[in-house]
Amino acid sequence: MRLLSEKAACKAHGQDSSYFLGWQEYENNPYDEIRNPKGIIQMGLAENQLSFDLLESWLAKNPDAAGFKRNGQSIFRELALFQDYHGLPAFKKALVEFMSEIRGNKVTFEPDHLVLTAGATSANETLMFCLADPGEAFLLPTPYYPGFDRDLKWRTGVEIVPIQCTSTNGFQITEDALEKAYQDAQNRNLRVKGVLVTNPSNPLGITTTPNELNLLLNFIEAKEIHLISDEIYSGTCFSSPGFVSVMEILKERKNDNIRNQVHVVYSLSKDLGLPGFRIGAIYSNDEMVVAAATKMSSFGLVSSQTQYLLSAMLSDKKFTKKYISENQKRLKKRHEKLVSGLQKAGISCLKSNAGLFCWVDMRNLLKSNTFEAEMELWKKIVYDVKLNISPGLSCHCTEPGWFRVCFANMSEETLELAMQRLKAFVAEFNRSNRNTQSNTSKNSRRKSITKWVFRLSFDGVDREPEER
């Protein structure tokens, strides 16, 4: 007799993905400059650690916020007592203003349309519960964040149908790919309820173009389905073209027909580098979605203490302006350092302008154009080179040989060491290949000479009787 529920016993969580297995190997042997200099360097974690000094400086200058005080008086009791799931008004106001600031104030957001959640993971899952029933489907462009297999499917019973994107056009979304995915879902007897995209893209590190956004809006209008735009990396865009939110395109179109079908997910985990604070949000113009999501948010609330602290921080406009600008400059510099290190190792990557990672092309290091060869290469990089990177297969990429490599969760010195390790590995790989090719060539020549000698000898045997 089974004692656990089917949900507890099932293996649909996605924890056996190479994306999570790489994390496990890192945790078993983490790199440390002093204690474990030969350990695995974590390049599979999209975390922004480049601007902590700016946050810590603000906290030092604003001790009341961190000490839960208002005008020098403790408000600990006020914050510690029960708060309803609507969230603190001051924080919701500060958060929507920060969202607008990141988007160049080209769009505004209403606090009443915002639902607070315990991180973007909770926000995405909550939207799945609101917009789809078990057995229905959402379309996602590939490659996509491996955690979506857990976040969107595991507890909701919703299916993911991939929109197959390829390197031939820089993995951009096309009308043909959208229609094919929709047809694939119908062939599987799945009712499509929407499309979910990450903008900027995780794992590609590129912003979605206005053409793609218009294409998506046209598509959801024609199919009468939803669009979720996960914009948790919106503040990480460090070079042109700039980030364009789906809300900007929606505003330009002046089309109220699909206004309630478009929903945005946001978080402070990436832009502000605070994943441990668990601050996520859903923004929707659909009152029923907002009402249902607000009720569901009681299963994953943001603490009142966290809301109070960050409402003070985000309300400091001088600070937010400096932070956004300086953080993007640091991301650009670190991105350039990774790209330069990869180039020195003879490795290229997709040209990117946002995010905390690069989509790296290692197809030239594969023994064959297969995902088996990709996994073999990934294991060498994790176990021998001691770098944890995320293989394209875990992101459902259709082409073997692509990897997501993060650059903002470590010191500059650690990144330099990672590039040294990778360069040495590629050099050894190339030497081994040359030796293999040389040996193959030598063996080929030996076989040729052997055949020639054999023929000469055979001819001699044939002629000997005639000479006698």
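Residues numbered from 1 in each chain as written. Predicted model: local features only at pLDDT ≥ 70, side-chain atom pairs only at ≥ 80, totals over all residues. Heavy atoms only, no water.

Draft legend 1. Main features of the packing of helix α9 (residues 175–187) against helix α10 (residues 210–223). As a packed pair, α9 and α10 sit with axes 11 Å apart at the nearest point and diverge in direction by 35 degrees. The two elements α9 and α10 meet at a crossing, and its hand is right-handed. Residue-level contacts link Glu175, Leu178, Glu179 and Tyr182 of α9 to Leu215, Leu216, Phe219 and Lys223 of α10. Of the residues in the contact of α9 with α10, the class split is five nonpolar, no polar and three charged. (Axes fitted to C-alpha atoms, helices over the stretch in contact; angles between N-to-C directions. Helix = DSSP H or I, 4+ residues; strand = E, 2+ residues; numbered from the N terminus. Left-handed = near helix turned anticlockwise from the far one by under 90°. Contact = heavy atoms within 4.5 Å. Nonpolar A, V, L, I, M, F, W, Y, C, P; charged D, E, K, R; others polar.)

Draft legend 2. Fine view of the packing of helix α2 (residues 18–28) against helix α15 (residues 371–383). Where α2 contacts α15, the axes come no closer than 11 Å and their chain directions differ by 20 degrees. As summarised for this structure, α2 and α15 are arranged roughly parallel, according to the angle between their axes. Between α2 and α15 lies a crossing whose hand is right-handed. Between α2, through Ser18, Leu21, Gly22 and Glu25, and α15, the contact on the second element is made entirely by Met375, Trp378, Val382 and Tyr383. Classifying every residue of the contact of α2 with α15 gives five nonpolar, two polar and one charged. (Parallel < 35°, antiparallel > 145°, perpendicular 65-115°, else oblique.)

Draft legend 3. Expanded view of the sheet that holds strand β15 (residues 402–406). Sheet architecture is open: four strands sit in the order β11-β12-β15-β14, paired in antiparallel fashion. Each edge of the sheet is formed by a strand with only one pairing partner; in this case those strands are β11 (348–349) and β14 (390–391). For strand β12 (residues 357–361) and β15, the ladder comprises five bridges, and the chain directions are antiparallel. From the neighbouring strand, Trp359 faces β15, where its bridge partner is Arg404. Strand contacts of helix α14 (residues 317–344): β11, β12 and β15, with the helix running at about 15 degrees to β12, the strand carrying the most contacts. Strands β14 and β15 of the sheet are contacted by α15, whose axis makes an angle of about 30 degrees with β15. (Pairing = 2+ DSSP bridges.)

Draft legend 4. Structural view of the pairing of strand β7 (residues 192–198). In terms of burial, β7 is largely enclosed, as seven of its seven residues are buried. Two elements, strand β5 (residues 137–141) and β7, share three bridges in a ladder whose sense is parallel. Counted as the bridge partner of Ala137 is Val192 from β7. Inspection of the sheet shows β7 paired to strand β8 (residues 226–230) by five bridges, in the parallel sense. Bridge pairing in β8 places Thr198 opposite Asp230. (Buried < 20%, exposed > 50% of the residue type's maximum accessible area, 1.4 Å probe, protein only.)

Draft legend 5. Spotlight on the side chain of Glu374. With respect to the helices and strands, the residue Glu374 is situated in helix α15. An unpaired buried charge is present at Glu374: no salt bridge exists, and Arg363, the closest side chain of opposite charge, is 9.0 Å distant. (Lys, Arg positive; Asp, Glu negative; His and termini not counted. Salt bridge = Lys/Arg side-chain N within 4 Å of Asp/Glu carboxyl O.)

Draft legend 6. Local environment of unusual backbone geometry. Omega for the peptide link from Asn199 to Pro200 comes to 0 degrees, which places this bond in the cis form. Turning to its location among the elements, Pro200 is positioned in the loop between β7 and α10. In this model, Ser240 is joined to Pro241 through a cis peptide bond whose omega is -5 degrees. Relative to the helices and strands, Pro241 resides in the loop between β8 and α11 (246–253).

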